[in-house]
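Residues per chain are reported as follows:
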Amino acid sequence: MPKRSFLARPPAGYLCSAVLILALGGCQTAGIEDVTGALGGKQSSAKADTKSDSKGDATPEMDALRERYRAKPGDPTIALEYGKALRGSGQRAQAVAVLEQAVLARPGNKALLAGYGRALADNGNFQQAFDVLGRAHSPEDPDWRILSAQGAVLDQLGRNEEAQQYYAAALKIVPNEPTVLSNLGLSYMLQNNLSKAEQVLGRAHQRNQNDARVRANLALVLGLQGREAEAEILVKADLPPDQAAAKVAALKQLLAKKQQRADR
């Protein structure tokens, strides 16, 4: 008897954020749970924001960047760099505030709009993020990265078919770009089209076998189809034994959570 899928319908709250991490340039991930879990990394935004000014959480690089921003708050390059650093450290609300002020000062700056849109998406402001990202490029001069980011936001809003149109538009500009393919595969996964998701994520993996996040997403799709052994081989690739064991444990934990939700 074939093994049944772990889910009748994958819950968007677990899977859709993986699309955003890839498309919006989220932080580097340490485990499977970070790829497919909360947006923007391990810290919750509330926790990160309460620690943002604490000396114990500060780094010399962040301190220096903060001082540069305070000295020249109107410099768009510094604002973008500071906003990206805040996003990377999990301080999402602060990133939104910094980039919002920068956009108010320079409403036509497309790089700032792109950064602001990504920050809004990280912070959970999905409809606003989609609208802002739409202003960051134009139909006459489309940016494939922003098209992919818009698709990711639409997936968060549950508009999967529309999202796939944006990924398709991005792929017309950069055929077989692995990050876009990975996002598209995750979009199919959200629709519970696991065979199509596996096909597309497999293409992404073939294009860039060194991307641990793409491998993790493909492993998740295999796991959701009951093919845990294949999934474990993928997540353990090129890792030291201790890290490989941690990745496998994270994958099993995530799949168990999905199974529990499916059984409710």
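All values reported here derive from a predicted model rather than from experimental measurement. (Residues numbered from 1 in each chain as written. Predicted model: local features only at pLDDT ≥ 70, side-chain atom pairs only at ≥ 80, totals over all residues. Heavy atoms only, no water.)

Observations regarding the overall build of the chain
In terms of helices and strands, the chain carries 15 helices and zero strands. Across the chain, every contact between residues at least 6 apart in sequence was considered, and the portion connecting residues at least 24 apart equals 56%. As displayed, the chain offers around 12,500 Å² of accessible surface, 51% of which is attributable to carbon and sulfur atoms. (Helix = DSSP H or I, 4+ residues; strand = E, 2+ residues; numbered from the N terminus. Contact = heavy atoms within 4.5 Å. Areas by Shrake-Rupley, 256 points an atom, 1.4 Å probe, with all protein chains shown as cover.)

Things to note about unusual backbone geometry
One non-glycine residue, Asn 176, lies in positive phi territory at about 65°. For Asn 176, the location among the structural elements is in the loop between α10 (160-173) and α11 (178-190).

Re the packing of helix α13 (residues 212-224) against helix α14 (residues 228-236)
In contact at an axis separation of 8 Å, α13 and α14 are set at 170° when each is read in the N-to-C sense. As the angle between them shows, α13 and α14 are arranged roughly antiparallel. Contacts between α13 and α14 involve Arg 215, Ala 216, Leu 218, Ala 219, Leu 222 and Gly 223 on the former and, on the latter, Glu 230, Ala 231, Leu 234 and Val 235. Broken down by class, the residue content of the contact of α13 with α14 amounts to seven nonpolar, one polar and two charged. (Axes fitted to C-alpha atoms, helices over the stretch in contact; angles between N-to-C directions. Parallel < 35°, antiparallel > 145°, perpendicular 65-115°, else oblique. Nonpolar A, V, L, I, M, F, W, Y, C, P; charged D, E, K, R; others polar.)

Section: the packing of aromatic side chains
Tallied over the full model, the rule gives two aromatic pairs. An angle of 35° between the planes, with centres 5.0 Å apart, marks the rings of Tyr 69 and Tyr 82 as tilted. Of this pair, Tyr 69 sits in helix α4 (residues 60-71) while Tyr 82 sits in helix α5 (residues 76-88), placing them 13 residues apart in sequence. For Tyr 69, a relative accessible area of 15% translates into the label buried. Take Tyr 82: its relative accessible area is 4%, and that puts it in the buried class. (Phe/Tyr/Trp six-rings, centres within 6.5 Å; stacked < 30°, edge-to-face > 60°. Buried < 20%, exposed > 50% of the residue type's maximum accessible area, 1.4 Å probe, protein only.)

A closer look at the confidence of the model for the chain
Residues of the chain with pLDDT of at least 70 account for 75%, and the chain-wide mean is 80. The model gives residues 1-57 a pLDDT under 50, and that stretch makes 153 contacts with residues more than four places away or in other chains. (pLDDT = per-residue confidence, 0-100.)

Describing helix α7 (residues 110-122)
Helix length check: α7 (13 residues) gives 18 Å between terminal C-alpha atoms against 18 Å at 1.5 Å per residue, within 8%. Taking burial as the measure, the 13 residues of α7 include eleven buried ones, the bulk of the element. Of all the positions in α7, only Leu 112, Leu 113, Ala 114, Gly 115, Tyr 116, Gly 117, Arg 118, Ala 119, Leu 120, Ala 121 and Asp 122 are classed as buried. Capping the start of α7, Asn 109 holds a side-chain oxygen 3.1 Å from the backbone nitrogen of Ala 111, two or three residues further along. Trailing α7 by a residue or two, Gly 124 shows a phi angle of about 90°, which is positive. (Expected span 1.5 Å × (residues − 1). Polar contact = N/O pair within 3.5 Å; in protein donor to acceptor, adjacent residues only side chain to side chain.)

Here's the deal with the environment of Leu 234
By the secondary structure assignment, Leu 234 is in helix α14. With 25 residues separating them along the chain, Leu 234 and Gln 209 place their C-alpha atoms 9.9 Å apart. Those residues within four positions of Leu 234 in sequence are excluded, and the remaining contacts are His 205, Arg 215, Leu 218, Ala 219 and Leu 222.

Examining α11
Counted at 1.5 Å a residue, the expected span for α11 with its 13 residues is 18 Å, and the 18 Å between its end C-alpha atoms agrees. A large share of α11 lies buried, amounting to twelve of its 13 residues. Where α11 terminates, the next one or two residues include Asn 192, which has phi positive at roughly 65°.

Let's talk about the side chain of Arg 215
Of note, Arg 215 is situated in helix α13. When near neighbours in sequence (up to four residues on either side) are disregarded, Arg 215 contacts His 205, Gln 209, Asn 210, Leu 234 and Ala 237.

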